[in-house]
Amino acid sequence: MWSAGRLRAAGPALLGLLLALLVPDGGTSKTSEGLVTCGSVLKLLNTHHRVRLHSHDIKYGSGSGQQSVTGVEASDDANSYWRIRGGSEGGCPRGIPVRCGQAVRLTHVLTGKNLHTHHFLSPLSNNQEVSAFGEDGEGDDLDLWTVRCSGQHWEREAAVRFQHVGTSVFLSVTGEQYGSPIRGQHEVHGMPSANTHNTWKAMEGIFIKPGVEPSAGHDEL
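Source: prediction; values computed, not measured.

Caption draft 1: Representation of the pattern of salt bridges. Going through the model one piece at a time under the given rule, you end up with six salt bridges. The shortest N-O distance in the salt bridge between glutamate 138 and arginine 85 comes to 3.3 Å. Placement of glutamate 138 in the loop between strand E9 (128–133) and strand E10 (145–148) and of arginine 85 in strand E6 (residues 82–85) is noted, with a sequence separation of 53 residues between them. Judged by relative accessible area, arginine 85 falls into the buried class, the value being 16%. Between glutamate 138 and arginine 105 there is a salt bridge, and its shortest N-O distance comes to 3.6 Å. Of this pair, glutamate 138 sits in the loop between E9 and E10 while arginine 105 sits in strand E7 (residues 103–108), and the two are 33 residues apart along the sequence. Judged by its relative accessible area of 46%, glutamate 138 is partly exposed. Classification of arginine 105 as buried rests on a relative accessible area of 7%.

Caption draft 2: View of the packing of aromatic side chains. Overall, the coordinates contain one aromatic pair when judged by the stated rule. Seen from their ring centres, tryptophan 154 and phenylalanine 162 are 5.4 Å apart, and the 75° between their planes marks the pair as edge-to-face. Across the pair, exposure class does not vary: tryptophan 154 and phenylalanine 162 are buried alike. Of note, lysine 43 hangs over the ring of tyrosine 81, and the distance from its end group to the ring centre comes to 4.7 Å. Sitting over the face of the ring of phenylalanine 207, arginine 156 holds its NZ or CZ atom 4.0 Å from the ring centroid.

Caption draft 3: Focus on the confidence of the model for the protein. Put simply, the protein has an average pLDDT of 85, and 80% of its residues get 70 or more. Scored below 50 in pLDDT, residues 4–14 makes nine contacts in the model with residues more than four places away or belonging to other chains. In this model, residues 213–221 is a region of pLDDT below 50 whose contacts with residues beyond four sequence positions or in other chains number 16 contacts.

Caption draft 4: Quick peek at the environment of glycine 151. Locating glycine 151 in the fold gives a position in the loop between E10 and strand E11 (161–164). Residue glycine 151 is classed as exposed on the basis of its relative accessible area of 66%.

Caption draft 5: The arrangement of the state of the cysteines in detail. Counted according to the given criterion, the structure contains two disulfides. For cysteine 38, the disulfide goes to cysteine 92, at an S-S distance of 1.8 Å. One disulfide, between cysteine 38 and cysteine 92, carries an S-S torsion of -95° and so falls in the left-handed class. Separated by 54 residues along the polypeptide, cysteine 38 in the loop between strand E2 (28–29) and strand E3 (41–46) and cysteine 92 in the loop between E6 and E7 bring together distant segments of the chain. Given the relative accessible area of 0%, cysteine 38 is considered buried. Across a sulfur-sulfur distance of 2.0 Å, cysteine 100 and cysteine 149 are joined as a disulfide pair. The S-S bond linking cysteine 100 to cysteine 149 shows a torsion near -115°; that makes this disulfide left-handed. Taken together, the residues cysteine 100 in the loop between E6 and E7 and cysteine 149 in the loop between E10 and E11 connect sequence positions 49 residues apart. Look at cysteine 100 and you get buried, because its relative accessible area is 18%. On the accessibility criterion, cysteine 149 (22% relative accessible area) is partly exposed.

Conventions used here
- Residues numbered from 1 in each chain as written.
- Predicted model: local features only at pLDDT ≥ 70, side-chain atom pairs only at ≥ 80, totals over all residues.
- Heavy atoms only, no water.
- Salt bridge = Lys/Arg side-chain N within 4 Å of Asp/Glu carboxyl O.
- Helix = DSSP H or I, 4+ residues; strand = E, 2+ residues; numbered from the N terminus.
- Buried < 20%, exposed > 50% of the residue type's maximum accessible area, 1.4 Å probe, protein only.
- Phe/Tyr/Trp six-rings, centres within 6.5 Å; stacked < 30°, edge-to-face > 60°.
- Lys NZ or Arg CZ within 6 Å of the ring centre and 35° of its normal.
- pLDDT = per-residue confidence, 0-100.
- Contact = heavy atoms within 4.5 Å.
- Disulfide = S-S within 2.5 Å.

Written as structure tokens, this is what we have:
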């Protein structure tokens, strides 16, 4: 069912090096309050099933055969970090708050692949498969997700949804769990409607300080 590549545990030293390259110390804030900004590196928690969005160098053995995306209960797994980026044409300058309704890419820090979905069935629930795709952060138009939230900007303490631009599904978890080699990890997939299974919250991470104070005058990026 699965195809494993360079399966390995990423140590704290490797993750620290990657984060240092992405977000220099002088431009970060580790406080728990405020807004999610472009360029930030964070973990995302599904608020209903209490698992964090996760990926690793293990490919699906069915469907697309691309790198798998799952949900994990552990809060300290380095493979659960994602970087917030704009589309291929930009639109998400570093340190600018992410707007509600803005399309972003979520790039897996340790493998450089983007959160992705397409018209393949997910292996356990037969919803829409969610994978990680691309190389060094470059994939295609099916890597874009719209941040659905209330108000003007994505707030760290608020629950949000991610709706896929190309197929309109919502990033979801419904509780199905895999066996070997990723026993206990939850399937992540796309669902056509907004419901309790597709709300997410920003958790651990390093957040770039806002370059511009959020206001009506700075709503366009």
